[in-house]
Amino acid sequence: MLGINDPWIIGVYLLSVLSTLLCVAYGLVKWNKGG
Amino acid sequence: MDILLLNIIVLVYILAIGYLGYRGWRETRDSADYMVAGRTIHPYVMAMSYGATFISTSAIVGFGGTAGLFGMGLLWLTFLNIFVGIFIAFVVFGKRTRRMGHNLSAMTFPELLARRFDSRFIQYFGGLVIFFGMPMYASVVLIGAGRFIETTLAINFDLALMIFSIIIAAYVVLGGLKGVMYTDAMQATIMFVGMAFLLVMTYSHLGGVVQAHRALTEMANLVPANLASMGHLGWTAMPASGSAWWWTLVSTLVLGVGIGVLAMPQLVVRFMTVKSSRELNRAVLIGGVFILMMTGVAFVVGALSNVYFAQHDGIIAIAAASGNSDSIIPVYINAAMPEWFVYIFMLTLLAAAMSTLSSQFHAQGTAIGRDVYETLTGVRGGRSIPITRIGIVIAVVVAVILGYVLPPSIIAPGTAIFFGLCAAAFLPMYACALFWRRATKAGAIAGMVAGTFASLFMLVFVHQKEAAPLGIAKMILGRDVLITSMPWPVVDPIVVALPLAFVVTVAVSLATKPPAEEHVEMCFEGID
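Computed from a predicted structure; not experimentally measured. (Residues numbered from 1 in each chain as written. Chains lettered and ligands numbered in written order. Predicted model: local features only at pLDDT ≥ 70, side-chain atom pairs only at ≥ 80, totals over all residues. Heavy atoms only, no water.)

Draft legend 1. Here's a closer look at empty space enclosed by the protein. Residues and elements named next belong to chain B. All chains considered together, the criterion is met by five cavities of 30 Å³ or more. Around the second largest cavity sit 16 residues that line it, and Pro265, Gln266, Val269, Ala363 and Thr366 are the ones nearest its centre. Among the elements of the structure, helix 6 (109-116), helix 12 (265-268) and helix 16 (339-377) are those that each provide at least two residues to the lining of the second largest cavity. Its residues assigned to classes, the lining of the second largest cavity comprises nine nonpolar, five polar and two charged. (1 Å grid on protein atoms, 1.4 Å probe; cavity = no way out; pocket = protein on both sides within 12 Å on 5 of 7 lines; lining within 4 Å. Points joined across faces, edges and corners; volume = space filled by probe spheres on them. Helix = DSSP H or I, 4+ residues; strand = E, 2+ residues; numbered from the N terminus. Nonpolar A, V, L, I, M, F, W, Y, C, P; charged D, E, K, R; others polar.)

Draft legend 2. Geometry of the domain arrangement of chain B. Residues and elements named next belong to chain B. The domain architecture assigned to chain B consists of domain 1 (3-411) and domain 2 (413-528). Summarising the inter-unit geometry, the C-alpha centres of domain 1 and domain 2 are found 23 Å apart. Tallying the contact residues gives 48 residues for domain 1 and 46 residues for domain 2. Taking both partners together, domain 1 and domain 2 bury about 4300 Å²; carbon and sulfur atoms supply 77% of that area. Looking only at domain 1, the three residues that lose the most surface to domain 2 are Arg96, Arg116 and Phe117, adding up to 17% of its buried area. Taken together, the links from domain 1 to domain 2 amount to 10 residue pairs in polar contact (both at pLDDT 80 or more). Looking at which element gives the most residues to the side of domain 1 that touches domain 2, the answer is helix 7 (residues 120-153), with 11 residues. In terms of residue class, the side of domain 1 that touches domain 2 is built from 31 nonpolar, 12 polar and five charged. (Domains from an automatic or database assignment. Contact = heavy atoms within 4.5 Å. Buried area = accessible area lost by both parts, 1.4 Å probe. Polar contact = N/O pair within 3.5 Å; in protein donor to acceptor, adjacent residues only side chain to side chain.)

Draft legend 3. Looking closely at the packing of helix 3 (residues 43-54) of chain B against helix 8 (residues 157-205) of chain B. All names here are of chain B. Taken N-terminus to C-terminus, the directions of helix 3 and helix 8 make an angle of 70°; their axes are 8 Å apart at the nearest point. The orientation of helix 3 relative to helix 8 falls into the category roughly perpendicular. Contacts between helix 3 and helix 8 pair Tyr44, Val45, Met46, Met48, Ser49, Ala52 and Thr53 from the former with Met181, Tyr182, Asp184, Ala185, Ala188, Thr189 and Met191 from the latter. Class assignment of the residues belonging to the contact of helix 3 with helix 8 gives a composition of 10 nonpolar, three polar and one charged. (Axes fitted to C-alpha atoms, helices over the stretch in contact; angles between N-to-C directions. Parallel < 35°, antiparallel > 145°, perpendicular 65-115°, else oblique.)

Written as structure tokens, this is what we have:
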């Protein structure tokens, strides 16, 4: 997958992208909250 | 490369910095403006300033080069930088920090902790840890920037260092945190553009994402014997479990830098610069994307540079860089990228160095002006600003002198030492301050002192990377480290000092009288 064989590296590659998407989703959902 | 054109680009950049520093100076009217930017900073400026302070030249060039040497295992640090350094830091710690900082009118990180636990000792001890611990970290960034300017703009190193220091000192001393954050935001924008180009161009050069990774995976047989003996199994594989490199990756890079970021004073103070948690919500989005584009790109490109050099020169990246991992990224940029991009990347590195340094100098200045001078003399408010400004100038001078007098072998671990020290000294107390109402002043002080000294003990006697160049263990014990059996010489101090400091903080808190209810209520006003 992704040209990489080690599941730990595939995992962390995807985790890095997913954690960024988590930040984006959180920011969008909470955009007008807490003001 | 056209040196004249590059100098003109840098001059325009410095003029823009000067204008933003001037804007900061014009808008600074009192100590709150100078120390916490008036608590009214825009979320874009806050997030980009946090990111630019977080990411220095060493994160891009130094750690990018390490990825060129050891591969994509370093992406665990990217994941932690985003998940812990942004998401957990902003959502879990940041919102409470902002609210509690507002409740207690705190303007620095040590002041927040001191007022939460009602202790002057915490404030000046914390201020001293910052003022004396940070110069090593600052000198690493400053000297790196000086060398970089020397080689790219073809000017003398001493002159480069002097000009660079004076420019930063000017806008930090005059503009305060507003000047620092405005310039940070511009510098972060330049960094983002530079790294985005670098990622796209690298993958397109190597035939796309999957093809580039596959080519790197197939190079595992090219790992040199000396790296293989340290646990290196290829550039798209984790190191051998329990090997020396595995311990370094997991304990120093992942825990030390990944967790240590939560208690960095110059980052924590950013949470106190916005007016409500809505700004922090918006900043999470910006910060997450920014950090991915910084460390994620640097580590992936660093590792993939091996493919480029293998295809073009038949050698791996560390060989192309003549054995110096710090040169891998610059050598790759010069060899693989078009000339116009080299200019953009030069500016990216300059921005990364300046944004980190300006915040370090501001944190040191406020540590000496607000946390030490005000606390010990009782002088309050704007009257300590001149002392803070003098503190900033002293911090700049000390960083320059350290860069000249200390050998590179001692300067190199400077970043890790400060990250580890801050994590052990401040993180247990900081976490308890925000989340545990029962935490007491005695517990906080005991944990801070235990963490500081446990961290220093490990640095001086146990962790080989710092203990060997410091030479104190050698002088007393006759050998580089106290415990020579593996894995202790490669276990980062944070692995021992941080849990110890947490245990001491909790145990002493439980053994002492709970804090006054009304004080705790005031601290937690508006915090669920």
